[in-house]
Amino acid sequence: MKRNQPGVRLGGPIKKDKIFFFAYYEGFRQRQAGPQNLTIAANDDFYKGVFRYVGTDGQARSVNILTTTNSTRDEAFYKDVLSRIPTASNVNNYDIGNSKAGQVLNTAGYRFNQQRLTTRDYFGGRADMEVSANHHVEAIVTYSRDTDDRPDLDFTSPDRPQVFTSSPVKRVVGAWRWLASPRLQNEFRAGMNLAPVRFDSNFNYGAARYSGQAVQLMSGYIQNPDVSFQPQGRYTNTFQFNDNANLAWGNHALQMGASWQKIHVNPYNYEGTIPTVNLGFSSASTATQLNASMFPGGIASGDLANANTALALLTGRISNMTQTFQVKDQTSGYVSGQSSDRNFSLNNIAAYIQDSWRLKPNFTIRAGLKWEYYSPLREDNNLGFLPALNGRSYTDV
């Protein structure tokens, strides 16, 4: 593991007794390696149809499942997918797969170190300005950028995961304080927080994604070399405006103010936009499948199921395909290739007034009134299915 944490801070007056500033930067860089273990073919002739098994008679045997069923290998699928799987020469453990030391069958493990990079940058600054004896202005700006590799979502890329989390957050706050008179003071403050969280991927998915038992990580099967995770995330933007005033009036100390908060959330998800091709034999398939009579010495039911899975893998046998359709706008209908992309908005408006009335030196009455309103949650483009309450409770709806 290698870690670096640089940082710097700087502050001072720009104009004496008028303008002051403070700024900082903190960085974080960490690179480390972690193990991944993939299920791969234990023998190169597996891709030529040679399937190894232990017969019910206890003897290790092999059958070419392609020639036995008069099938041919799907060369396009082999080129696009299977040829990208590490070859049998990379086998270095039997912790996964159906092989063991002294008895190499069809699959085994390939353990390797995958690099993982974590990058963080934090910038910030503040400026204060005494415009006059009655006016003060200040501004605060921060920016943080976090990028983390995700080995839990991409465990097949040999160098670094191509899936990563990115979170570039921006915050800005400004304030103006006004001393209108010895009895009246007002402060106006506004700010925004732009906080996206993105699960991104640099993987080139192509036109389709392969899945199903034949290529998923299961005991006795081959690991899919493709990254199955699809980009997704959300953008959460919050805007806030506050105005507060204090008024001293005789024996009364009045406080009053108002605020408006606008929240906008944009969740998006590309999952399902690319067709997922599931390999295997469907119940309606008329294609020739392997049966126990084709295996000398007898074969266990689990090994027979593995053999048919291997046959579907080599011949590119498709059992079904799935794809998610989404709406693009109110008139598009459900279209292919469109991500789930929604924009939700919510407003919160509030106002208050409070009075501290000092009737006697040792007796004060405090009372106040507050009004607050939360707007209904809505999808900005009217593409979301939200409940229409019409005065009813959620239970009734």
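An account of the accompanying structure is given in this report. Counting starts from 1 at the beginning of each chain's written sequence and moves along it residue by residue. Given that this is a predicted model, residues contribute local features only at a pLDDT of at least 70 and side-chain atom pairs are listed and counted only at 80 or more, while totals for whole chains, interfaces and linings are drawn from all residues. Side-chain measures were taken over the full set of non-hydrogen atoms in the model, leaving aside hydrogen atoms and water.

**Overview of the layout of surface pockets**
Inference 1: Using a grid of 1 Å spacing that covers the protein atoms alone, one calls a set of points a cavity when a 1.4 Å probe fits there but cannot get out, and a pocket when the set is open and has protein on both sides within 12 Å along at least five of seven lines; lining residues are those with an atom within 4 Å of a point. Grid points are joined across faces, edges and corners, and a volume is the space filled by probe spheres set on the points. Counted as a void, the largest pocket has a volume near 200 Å³.
Inference 2: Along the walls of the largest pocket sit 16 residues, with Arg 84, Thr 156, Ser 157, Pro 158 and Pro 225 positioned nearest its centre.
Inference 3: Each helix is a run of DSSP H or I of at least 4 residues and each strand a run of E of at least 2, with the numbering of both proceeding from the N terminus. The element that contributes the greatest number of residues to the lining of the largest pocket is strand β3 (residues 19–41), accounting for 3 residues.
Inference 4: Under the grouping applied here, Gly and all other residues not named as nonpolar or charged are polar, the nonpolar ones being Ala, Val, Leu, Ile, Met, Phe, Trp, Tyr, Cys and Pro and the charged ones Asp, Glu, Lys and Arg. Among the residues forming the lining of the largest pocket, the class breakdown is 9 nonpolar, 6 polar and 1 charged.

**Some remarks on the side chain of Ser 375**
Inference 1: Position of Ser 375 among the secondary structure elements: in the loop between β19 (363–374) and β20 (378–379).
Inference 2: In this structure the side chain of Ser 375 is engaged in a polar contact, spanning 2.8 Å, whose partner is the backbone nitrogen of Asn 347.
Inference 3: Throughout, a residue-residue contact means that at least one pair of heavy atoms, one from each residue, lies within 4.5 Å. The residues touching Ser 375, leaving out its near neighbours within four places in the chain, are Leu 346 and Asn 347. What qualifies as a polar contact is a pair of N or O atoms within 3.5 Å, subject to a donor-acceptor requirement within protein and to the restriction that residues adjacent in sequence count only when both atoms come from side chains.

**Remarks on helix α3 (residues 301–315)**
Structural remark: α-helix, 3.6 residues per turn; residues separated by three or four positions point the same way.
Inference 1: Multiplying 1.5 Å by the helix residue count minus one yields the expected span of that helix. When the terminal C-alpha atoms of α3 are compared, their 21 Å separation across 15 residues agrees well with the 21 Å that a helix rising 1.5 Å per residue should span.
Inference 2: When you tally the buried positions in α3, you get 11 out of 15 residues, the bulk of the element.
Inference 3: Burial status follows relative accessibility: with a 1.4 Å probe on protein chains alone, a residue under 20% of its type maximum counts as buried, one over 50% as exposed, and anything between as partly exposed. Of all the positions in α3, only Leu 304, Asn 306, Ala 307, Asn 308, Thr 309, Ala 310, Leu 311, Ala 312, Leu 313, Leu 314 and Thr 315 are classed as buried.
Inference 4: Where α3 ends, the next residue or the one after it, Gly 316, has phi of about 65°, a positive value.

**Quick look at the pattern of salt bridges**
Inference 1: We count a salt bridge whenever a side-chain nitrogen from Lys or Arg sits within 4 Å of a carboxyl oxygen from Asp or Glu. All chains considered together, the criterion is met by 20 salt bridges.
Inference 2: With a closest N to O distance of 3.4 Å, Glu 187 and Arg 189 form a salt bridge.
Inference 3: Taking relative accessible area as the criterion, Arg 189 reaches 25% and is therefore assigned partly exposed.
Inference 4: Salt bridges sharing common partners tie together Arg 126, Asp 128, Glu 138, Arg 177, Glu 187 and Arg 189.

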